[in-house]
Amino acid sequence: MKEPVYYSGTAKFFDTHAHIYDSKYAHADVLTGDILRRCRASGVMSMLIPADSERTSRLAIDLTAKYDGFEGIALYASCGVHPHEAKDYTEDTERYLRDVLEAREAHKVMALGEIGLDYYYDLSERNVQREVFEKQLLLAKEYDVPIILHEREATGDCLDILRSFHKEGKLRDVPGVCHCCSCSLEASQELLKMGFYLGFDGPITFKNNKKTPEVAANAPWDRIVIETDSPYLTPEPNRGLINEPCHVAYVCAKLAEIKGVSIDEAAHITYDNGRRLYGVY
């Protein structure tokens, strides 16, 4: 494995999407903070740990409580139910999400997500996915928190739901972020018009990926955040290996190349964007 782009300048990186509780990591790496030490060495000074179920919501909150401030790194969490897990969404699940959102400042829960639609795997029936997505969109509006949007092979239905909610005033002015943005240029522009941020991950570095760099090139700088989706979507040159938040520098470096700026400037901009998106000034 090649070493991450260790950063020697003054800017900091914000990995806005890293599942560091995932079982793909060696248990000791998480418990001893080795993952965070590697973050510190590569300039990652803020991280949001997203959830995809009630179980991982609890894990994200627990890790944030335990390690926030470790090595000087600011940690934040989200809660929510991924479309894969939509089939398990119950009244008890919604009650738990409400309890967490009521106490979100104490838990450092900054967002609701991942939520959305995934027709690639169809691990939950599509009508159930749509129903659970809409329920959580209403929660996000009620508690005034951004969403972390997951959309895969479901752009049409996802946009239809978001358009309807937007028209009816059921979305925040800044609804949230399109995580791992892989949609078309046209769809990304519609999301931007609704107020969404776009999150870019390892795939933007893949040599055969032409679509995502075009989307990034046409997105305004003040709506872009960087992510790893660790332990998944490892960027080049480590593609195929387990991803870590310390590799977010590769994503930032690719964005800097696309936008024609230095990695210092790209790091500063995306760090500030992440803080603004999640209200963590």
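Above this note sits the structure.
Not measured: the values here are computed from a predicted model. Position labels on residues start from 1 in each chain and follow its written sequence. For this predicted model, a pLDDT threshold of at least 70 governs which residues receive local features, and a threshold of 80 or more governs which side-chain atom pairs are given and counted, while totals over whole chains, interfaces and linings are taken from all residues. Based on all heavy atoms of the structure, the side-chain values leave hydrogens and waters out of the count.

Participant: Describe the overall build of the chain, with residues and values.
Facilitator: For the chain, the count of helices and strands is 11 helices and eight strands. Atoms considered for the radius of gyration are the C-alpha atoms alone. The globule rule reads 2.2 Å times the number of residues to the power 0.38. Its C-alpha atoms give the chain a radius of gyration of 17 Å, near enough to 19 Å, the size a compact globule of 281 residues would have. Principal axes of the C-alpha set define a box for the chain whose edges measure 45 × 40 × 35 Å. Across the 281 residues of the chain, 55% fall into the buried class. A run of H or I in DSSP counts as a helix once it spans at least four residues, and a run of E counts as a strand once it spans at least two, with each numbered from the N terminus. The classification of residues rests on relative accessible area computed with a 1.4 Å probe and restricted to protein chains. Under 20% of the type maximum is buried, over 50% is exposed, and intermediate values are partly exposed.

Participant: Which residues make up the pattern of salt bridges, and what values go with them?
Facilitator: The term salt bridge refers to a side-chain nitrogen of Lys or Arg lying within 4 Å of a carboxyl oxygen of Asp or Glu. What the rule picks out here adds up to 16 salt bridges. With its nearest N and O atoms 3.9 Å apart, the salt bridge here joins arginine 37 to glutamate 71. Of the two residues, arginine 37 sits in helix 2 (residues 34-41) while glutamate 71 sits in the loop between helix 3 (54-67) and strand 3 (74-79), which places them 34 residues apart along the sequence. For arginine 38, the salt bridge goes to glutamate 244, with nearest N and O atoms at 2.8 Å.

Participant: Describe the environment of valine 128, listing the residues and the values that go with them.
Facilitator: For valine 128, the location among the structural elements is in helix 6 (residues 126-143). When its relative accessible area of 22% is taken as the criterion, valine 128 is described as partly exposed. Along the sequence, valine 128 and lysine 211 sit 83 residues apart, while their C-alpha atoms lie 30 Å from each other. Contact criterion: two residues are considered in contact whenever any of their non-hydrogen atoms come within 4.5 Å of each other. In contact with valine 128, not counting residues within four places along its chain, are Ala86 and Lys87.

Participant: Please give an account of empty space enclosed by the protein that cites residues and values.
Facilitator: A 1.4 Å probe that fits but cannot get out identifies a cavity on a 1 Å grid over protein atoms alone, an open set with protein on both sides within 12 Å along at least five of seven lines counts as a pocket, and a residue lines either if it has an atom within 4 Å of a point. Grid points are joined across faces, edges and corners, and a volume is the space filled by probe spheres set on the points. What the rule picks out here adds up to four cavities of 30 Å³ or more. The space that makes up the largest cavity amounts to roughly 50 Å³. Looking at the largest cavity, the residues that line it are Leu149, Glu151, Thr155, Cys158, Leu159, Leu162, Cys178, Cys183 and Leu191. For the lining of the largest cavity, the secondary structure elements donating two or more residues are strand 5 (147-152) and helix 7 (155-167).

Participant: Which residues make up the side chain of aspartate 22, and what are the values?
Facilitator: The topology assignment puts aspartate 22 in the loop between strand 1 (13-15) and helix 1 (27-31). Within the buried set, aspartate 22 has no salt-bridge partner at all; the shortest N-O distance to an opposite charge, 5.5 Å, is to lysine 24. Not counting chain neighbours up to four residues away, the residues in contact with aspartate 22 comprise Pro231 and Tyr232. Only four residue types enter the tally: Lys and Arg on the positive side, Asp and Glu on the negative side; His and the chain ends are excluded.

Participant: Before we move on, can you summarise the layout of surface pockets with the specific residues and values?
Facilitator: Taken as a whole, the largest pocket holds about 980 Å³ of empty space. Asp118, His150, Arg152, Asp229 and Leu233 are, among the 34 residues lining the largest pocket, the residues nearest its centre. Contributing elements (two or more residues each) for the lining of the largest pocket: helix 3, strand 4 (109-118) and strand 5. Three categories are distinguished: nonpolar for Ala, Val, Leu, Ile, Met, Phe, Trp, Tyr, Cys and Pro, charged for Asp, Glu, Lys and Arg, and polar for the others, with Gly belonging to the last. Along the lines of polarity and charge, the residues of the lining of the largest pocket split into 10 nonpolar, 12 polar and 12 charged. Residue lining of the second largest pocket: 16 residues in total, with Met110, Asp144, Pro146, Tyr278 and Gly279 positioned closest to the centre.

Participant: Residues and numbers for the pairing of strand 5, please.
Facilitator: Counting buried residues in strand 5 gives five out of six residues, a clear majority hidden from the surface. Direction of pairing for strand 4 relative to strand 5: parallel, over a ladder of six bridges. What sits directly across from aspartate 118, in strand 5, is arginine 152. With the strands pointing away from the viewer, any crossover whose connection runs clockwise from the first strand over the helix to the second is right-handed. You can see the chain leave strand 4, run along helix 6 and come back into strand 5, and the turn it takes is right-handed. A pair of strands is treated as paired once DSSP finds two or more bridges between them. As judged from the three bridges shared by strand 5 and strand 6 (residues 176-178), these two strands associate in the parallel manner. If you follow isoleucine 147 over to strand 6, its bridge partner there is glycine 176. In this region the chain leaves strand 5, passes through helix 7 and returns to the parallel neighbour strand 6; the handedness of that crossover is right-handed.

Participant: Residue-level account of the sheet that holds strand 2 (residues 44-49), with values.
Facilitator: With respect to topology, eight strands assemble into an open sheet ordered 1-2-3-4-5-6-7-8, the strand pairing being parallel. Only two strands of the sheet have a single partner each, and these edge strands are strand 1 and strand 8 (224-226). Mean inter-strand twist for the sheet, computed between neighbouring axes without regard to direction, equals 25°. With three bridges joining them, strand 7 (residues 197-200) and strand 8 adopt parallel strand pairing. Note on geometry: axes are lines fitted to C-alpha atoms, helical ones only across the stretch in contact, with angles between N-to-C directions running from 0 to 180 degrees.

Participant: With reference to specific residues and values, describe the nonpolar core.
Facilitator: Grouped together as the largest cluster of nonpolar side chains are 90 residues, with contacts concentrated most on Phe133, Leu137, Leu149, Leu162, Phe200, Leu255 and Tyr278. Excluding residues within four positions of it along the chain, leucine 137 makes contact with Ile115, Ile147, Ile161, Leu162, Phe165, Lys170 and Leu171. We define the nonpolar core as a collection of buried residues of types Ala, Val, Leu, Ile, Met, Phe, Trp, Tyr and Cys that are connected through side-chain atoms lying within 4.5 Å of one another.

Participant: I'd like to hear about the packing of helix 6 against helix 7, residue by residue, with values.
Facilitator: Relative placement of two packed helices is described by the angle separating their axes and the distance separating the axes. Interaxial distance between helix 6 and helix 7 falls to 11 Å at its minimum, and their mutual angle equals 35°. Here helix 6 and helix 7 pass one another in a crossing that is right-handed. For the pair formed by helix 6 and helix 7, the contact residues are Arg130, Phe133, Glu134, Leu137 and Leu138 on the first element and Asp157, Cys158, Ile161, Leu162 and Phe165 on the second. A class-by-class count of the residues in the contact of helix 6 with helix 7 yields seven nonpolar, no polar and three charged. Should the near helix be turned anticlockwise from the far one by less than a right angle, the crossing is left-handed, and should it be turned clockwise, the crossing is right-handed.

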